Each structure stands twice: as C-alpha cells, then as structure tokens.
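Structural overview
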Amino acid sequence: MSELMRRMLFLPEAASTFATRVDGLHFFVIGMSMLVATGLAVVGLVFLVRYKRRPGDAPTTPRVEAPHWMEALFLSLPLTFFLLWFVIGFLDFSWFNSPPRGALDVYVMGKQWMWKFAYADGPSSVGVLYVPAGRPVRLLITSRDVIHSFFVPDFRVKHDAVPGRYTQIWFEAPRPGRHAIYCTEYCGLMHSRMRGEVVVLAPADFEAWSAQEQGGDVATLSPFHEGAEVEEARGPMAARGRRVAAEKGCFKCHTEDGTPHIGPTWLGLYLRVERLKSGEDIVADEAYLTRSMMDPDAQVVAGFLPVMPTYLGQLSATDAAALVEYIKSLRPARPGEAVSQEPVYVPTSR
Ligand code: CUA
C-alpha cells in the first residue's frame, strides 16, 4: 500500500527508518485530503442532480437550519484531524531530534563546494559518506564558509550546515545501497554541483572499509572532487584534538585530569550537566562545546569568569571537531566519579 502511494506521489525510495515515518504521515495527510475532497465532490454532484430547479418549482426553497450537533460536528471533525496530524508530526520530530545512544558519530563539514566526512576513530572521506546498515548514525554538521544544507532525499533527512556551529541529525539505513546527497541552500556558483553520496555497507563490509582506511593514506574521493582536497590529517581525531589543544593554548586554562583551573576541567565534561551563570542548566554536548569555542561569553558556567577568547575564525571546523572528540575521550576513571568543579579565581585586567 505505502509502496503504491510512494509511486503515485513520485517520491524517491524510502531508505531509512525515518523515511518510513515521514512517508506514513505524508500518506495519511494526502489520503485524508483525497478522501474528504472526493466526498465533497460526490455530495456536490448528487445535490446538483437531485436539487436541480425544475419547471413549476418555486423560485426560492425554504431556509434550511442545521441542528446544533451537526454544526458542532462540522467544526470539530476537521479540527480533530488537524490536531492528529500535528501530534503525529510532533512525535516524529522529537524522535528525529533525539539520536539513540551508541550511534556512530560522523562529523560532516560543508564547504564551497563539497562535503567532507570525518569519523571519530580516524578515517575521513570527501564526497562519499560510508555508513553501516542497521546501525544508527549521528551526523554532527557544520560549515567552513557559508550556510549549506545537507539533504539526502532517500532518507528524508535535511539539515542546515551553519558556520561556527555544530548541529546534529541522525538516521538509520536498514539496507545496503547508495543514495545521493544534495546541498539545498544556495551557496554560490557551484551550488548545484555540491553533491555527494551515502554508501550504506553491510556491517562486515563497513568494518573492513574502516580498518583499511585507518591503515591506508589515500582518502576516498568522489568523482566531483580533486585530489588536493584530500584531508591532510589522518589518524584518530582525539589525538589530533590533543595536538590542537596544545597549539592553541587551551591547557593554559583547562585541565585534562580534573584539577580545577581558570576554566572548567575537560575530564568528564562531555554530557555533564552544567549550571550556567543565568541559572539555566545545560548538557555539555557537541553543540554546547563548539559554541563555547566560537562564542564563549554566550553560556558561561556559573562560578567561572568570562575570560575565554573566541576561537571563531581561528579553529578550522576539522580542528573544532577534533577538539570535541578529544574532550569526549576524557572520561573519569570510574563512571560516575565526581569531578571537583571548584574554580580558581584569578585577577584579570579586563
Ligand atoms: Cu552548498 Cu549549496
């Protein structure tokens, strides 16, 4: 049934678990609309024939008053259906916005005019996103220059790539296959050629690809891109993140062993709930960590001074992703071990 609807509506293949849900809502809305429209047309036709004015009829018919229950029905029925669409849509939206734990993280960077993908355990690729079938994949998306939009029609997944900020989406592709990626935000001359491909591999094939990539030194290139764009840095992202942190002087204020210092320690920081100056609580996820690098004064953790400089324009998107991976790798020795968050106050000249 849904396959028939899909073909009737000229929709692309539904190749992710999310696509099935989106299509379900889509078919429900379209089906309901068609049903109601057909009903109205039939009633209209019947009335046209049955109540046609015939010779000898009085020019006006008596005024018809509908009973109250009928008026109430006329109002509440469409409203109920509209609310039902809204409820289904909202459930799908929340489902889509809460990636499952244990998803495979892939960093996605849009730039004029290509897509780059980096995996936490090392490999990276340009233009082609390799993912395993039957496993949730979380994409952490950013841009290096202007706003792009990451769109995989077969997955019904679309999300903006915004410079200086990481946003996340997730999907799960149940079957191996190949699916086109498009940029859907006009981003310059070659916007229409900013394409890529998702290659869904069987889990064993994906493991083999990942192992081979970590050993090899040539990144996979799609036919759209040139060799010069191959990611220069290889090796696990966390290791690269540590190098970046040392180069950029992050350790002047942040420690990796839980020792309190000028800024919050990075040990166990990932997914920690932090109380902000504003009294608000926030979870230190990828979005918060990157935002803190680019716009540190926006969400300062309570008890710390807003002394951190911005790294907007100084950290490449790849370096920012590597830093996040490094922070994610710094977990307390025992799970749940309390990490002291007593900050050290330093006099500043600001
Ligand atoms: Cu990138 Cu359009």
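The structure under discussion appears in the preceding block.
The notes below deal with the structure included here. These numbers come from a predicted model, not from an experiment. (Residues numbered from 1 in each chain as written. Predicted model: local features only at pLDDT ≥ 70, side-chain atom pairs only at ≥ 80, totals over all residues. Heavy atoms only, no water.)

Notes on helix α6 (residues 286–294)
- Burial of α6 is extensive: 7 of the 9 residues sit out of reach of the surface.
- Among all positions in α6, only Glu286, Tyr288, Leu289, Thr290, Ser292, Met293 and Met294 are buried.
- Looking at the buried positions of α6, the neighbouring elements they touch are β1 (104–111), β5 (137–143), β8 (167–171), β13 (281–283) and α7 (317–329). (Buried < 20%, exposed > 50% of the residue type's maximum accessible area, 1.4 Å probe, protein only. Helix = DSSP H or I, 4+ residues; strand = E, 2+ residues; numbered from the N terminus. Contact = heavy atoms within 4.5 Å.)

Topic: the pairing of β8
- When you tally the buried positions in β8, you get 4 out of 5 residues, the bulk of the element.
- By the bridge criterion, 5 bridges tie β5 to β8 in an arrangement that is antiparallel. Bridge pairing in β8 places Val137 opposite Phe171. (Pairing = 2+ DSSP bridges.)

A few points about the packing of aromatic side chains
- Applying the stated rule across the entire model yields 15 aromatic pairs.
- On the numbers, 6.1 Å between centres and 20° between planes, the contact of Phe18 with Trp95 is stacked. Residue Phe18 is found in helix α2 (residues 17–50), and its partner Trp95 is found in helix α3 (residues 68–96); the two are separated by 77 residues along the sequence.
- Here Phe18 falls in the buried class, since its relative accessible area comes to 8%.
- Each residue in the set Phe18, Trp95, Phe96 and Trp170 is aromatic and connected to the rest through ring pairs, giving one cluster.
- Across the ring face of Trp95, the terminal group of Arg21 is positioned such that the distance to the ring centre comes to 4.2 Å.
- Sitting over the face of the ring of Phe151, Lys158 holds its NZ or CZ atom 4.7 Å from the ring centroid. (Phe/Tyr/Trp six-rings, centres within 6.5 Å; stacked < 30°, edge-to-face > 60°. Lys NZ or Arg CZ within 6 Å of the ring centre and 35° of its normal.)

Description of the pattern of salt bridges
- Counting across every chain of the model gives 14 salt bridges.
- One salt bridge connects Asp105 with Lys328, and the closest N-O pair in it is separated by 2.6 Å. With Asp105 in strand β1 and Lys328 in helix α7, this residue pair connects regions lying 223 residues apart in the sequence.
- Between Glu286 and Arg138 there is a salt bridge, with the nearest N and O atoms lying 2.6 Å from each other. Placement of the pair is Glu286 in helix α6 and Arg138 in strand β5, with a sequence separation of 148 residues.
- Owing to a relative accessible area of 1%, Glu286 belongs among the buried residues under this scheme.
- Residue Arg138 is classed as buried on the basis of its relative accessible area, which comes to 10%.
- Members of the salt-bridge network, linked through shared partners, are Asp105, Arg138, Glu286, Glu325 and Lys328. (Salt bridge = Lys/Arg side-chain N within 4 Å of Asp/Glu carboxyl O.)

Topic: the layout of surface pockets
- One number sums up the size of the largest pocket: a volume of about 540 Å³.
- Residue lining of the largest pocket: 28 residues in total, with His254, Pro264, Ser292, Pro296 and Met308 positioned closest to the centre.
- Breaking the lining of the largest pocket down by element, the ones donating at least two residues are α6 and α7.
- With 4 residues, the top contributor of residues to the lining of the largest pocket is α6.
- Across the lining of the largest pocket, the residue classes break down as 22 nonpolar, 5 polar and 1 charged.
- Of the pockets and cavities examined, the second largest pocket occupies roughly 370 Å³.
- Lining of the second largest pocket is provided by Met32, Ser33, Val36, Leu40, Leu73, Phe74, Leu77, Pro78, Phe81, Phe82 and Trp85.
- Residue assignment for the lining of the second largest pocket shows that the elements contributing at least two residues are α2 and α3.
- Looking at which element gives the most residues to the lining of the second largest pocket, the answer is α3, with 7 residues. (1 Å grid on protein atoms, 1.4 Å probe; cavity = no way out; pocket = protein on both sides within 12 Å on 5 of 7 lines; lining within 4 Å. Points joined across faces, edges and corners; volume = space filled by probe spheres on them. Nonpolar A, V, L, I, M, F, W, Y, C, P; charged D, E, K, R; others polar.)

Examining the sheet that holds strand β7 (residues 157–161)
- As summarised here, the arrangement of the 5 strands in space is β4-β10-β9-β6-β7, forming an open sheet in which the pairing is mixed. Strands at the two margins of the open sheet, each flanked by one partner only, are β4 (128–132) and β7. Across this sheet, the average inter-strand angle for adjacent strands is 20°, counted without regard to direction.
- Pairing analysis gives 5 bridges linking strand β6 (residues 148–152) to β7, with the strands arranged antiparallel. Counterpart to Ser149 in the pairing with β7 is Asp160. (Axes fitted to C-alpha atoms, helices over the stretch in contact; angles between N-to-C directions.)

Let's talk about the nonpolar core
- Counting residues in hydrophobic clusters, the biggest one holds 35 residues, and the most contacted among them are Trp115, Leu129, Leu139, Phe150 and Phe155.
- Counting residues domain by domain, this core receives three or more from each of domain 1 (2–96) and domain 2 (104–221).
- In this structure, Met109, Tyr270, Met293 and Tyr326 belong to the second largest nonpolar core, which totals 33 residues. (Core = buried A, V, L, I, M, F, W, Y, C linked by side-chain atoms within 4.5 Å. Domains from an automatic or database assignment.)

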